[in-house]
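# Structural description and commentary
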Amino acid sequence: DFETLSVGDLTKSIIAFTLIGKDPKNIQGKNPVELLESYVNEDGTIKNSSGHGDVIWTLFALETISSDKVTSVADQLVKTSVDGGYGYTYGGVSYASPDTTGWAIEALTVAGNERYAKSIQDAKDYLATKTDGNAGYRFDEYSSANGDTQSCVLEGLFVNDKNAVINGEYDNGNVNPIDVLLSYQLEDGSFKSEVYDGWTPTGEN
């Protein structure tokens, strides 16, 4: 029943169907692609969107199926950046976050690296203000780096500028951001993630 799914769940379902080799335009006689495209308004905004996260995941899904609506959604996304970054809305105020900005860099690079070059650079400039001095990315000076944020940022940087990351151009304090991510890896190969109580870290992983 795709009609009752949130935008986030619908877009991720389309991506998953594609990855496992299913035709996302025909799932048990239904067309979730047509449904998603119907959510895209003429100006590129997304119906029932709750913020940048929904728009970016819509963009990921549209890119996955090579939709002709990619450009209109990407054009609209870059108009709504916050200090160059992308994030969420809380209490009617929009905030940028490194995690969502990493996703945005990836989505915009795929949508058109040259067309969105300035917006991508603005997003990278925003990220540069969110380092902890040791190549870790964090929300603000009161928070600390974590595996989730680090992986989201690297996701975008790898797609846009992989060689620069590997060659040390994003190093900080002689530390590479990849090494920061690897510092959260446990002996069994999994990665630890900090547990939050609402917006507050509990100190547990």
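Shown above is the structure to which this text applies.
In short, a report on the structure.

What counts as what
- Residues numbered from 1 in each chain as written.
- Predicted model: local features only at pLDDT ≥ 70, side-chain atom pairs only at ≥ 80, totals over all residues.
- Heavy atoms only, no water.
- Helix = DSSP H or I, 4+ residues; strand = E, 2+ residues; numbered from the N terminus.
- Polar contact = N/O pair within 3.5 Å; in protein donor to acceptor, adjacent residues only side chain to side chain.
- Contact = heavy atoms within 4.5 Å.
- Expected span 1.5 Å × (residues − 1).
- Buried < 20%, exposed > 50% of the residue type's maximum accessible area, 1.4 Å probe, protein only.
- Arc of directions from axis to C-beta.
- Patch = residues over 30% accessible without salt bridge, like charges linked within 9 Å, V, L, I, M, F, W, Y side chains within 5 Å.
- Areas by Shrake-Rupley, 256 points an atom, 1.4 Å probe, with all protein chains shown as cover.
- Salt bridge = Lys/Arg side-chain N within 4 Å of Asp/Glu carboxyl O.
- Core = buried A, V, L, I, M, F, W, Y, C linked by side-chain atoms within 4.5 Å.

## Focus on the side chain of Lys124
- Checked against the element boundaries, Lys124 lands in helix α6 (residues 117-128).
- Of note is the side chain of Lys124, whose polar atom sits 2.6 Å from the side chain of Asn160.
- Filtering out sequence-adjacent residues up to four positions away, Lys124 remains in contact with Ile105, Leu157, Asn160, Asp161 and Tyr170.

## So, helix α3 (residues 52-64)
- Look at α3: 18 Å from first C-alpha to last across 13 residues, which is about the 18 Å you get at 1.5 Å a residue.
- Within α3, 11 of the 13 residues are buried, leaving the element largely enclosed by the surrounding structure.
- Taken together, the buried positions of α3 are His52, Gly53, Asp54, Val55, Ile56, Thr58, Leu59, Phe60, Ala61, Leu62 and Glu63.
- A positive backbone phi angle near 55° is found at Ser66, which sits one or two residues after α3.

## Describing the side chain of Ser119
- Mapped onto the elements of the fold, Ser119 is located in helix α6.
- Not counting chain neighbours up to four residues away, the residues in contact with Ser119 comprise Val78, Tyr86 and Leu108.

## Re α6
- Between its first and last C-alpha, α6 extends 16 Å over 12 residues, near the 16 Å set by a 1.5 Å rise per residue.
- Those residues of α6 lying buried are Ser119, Ile120, Ala123, Lys124, Tyr126 and Leu127. All buried residues of α6 project into a common sector of 155° when viewed along the axis, lining one side. Seen from the buried face of α6, the exposed residues on the opposite side, beyond 90 degrees, are Lys118 and Ala128.
- Looking at the packing, one finds that the buried side of α6 touches α4 (70-79), β1 (86-90), β2 (93-97), α5 (98-112) and α7 (147-166).

## Focus: a nonpolar patch on the surface
- A cluster of nonpolar side chains, Tyr90, Val93, Tyr95, Phe139 and Trp199, forms an exposed patch at the surface whose accessible area comes to about 530 Å².
- Position of Tyr90 relative to the elements: it lies in strand β1.

## Structural notes on the nonpolar core
- Leu59, Tyr86 and Leu108 are the most contacted members of the largest nonpolar core, which has 45 residues in total.
- Looking at this core, the elements with two or more residues in it are α1 (7-19), α2 (32-38), α3, α4, α5, α6 and α7.
- Sort the elements by how many residues they give to this core and α3 lands first, with six residues.

## As for the pattern of salt bridges
- Under the definition given, this model contains four salt bridges.
- Here Arg115 and Asp75 are joined by a salt bridge, their closest N and O atoms 2.8 Å apart. Of this pair, Arg115 sits in the loop between α5 and α6 while Asp75 sits in helix α4, and the two are 40 residues apart along the sequence.
- Residue Lys118 pairs with Asp122 through a salt bridge whose shortest N-O separation is 3.0 Å. Highlighted residues: Lys118 and Asp122, both in helix α6, separated by four residues, approximately one helical turn.

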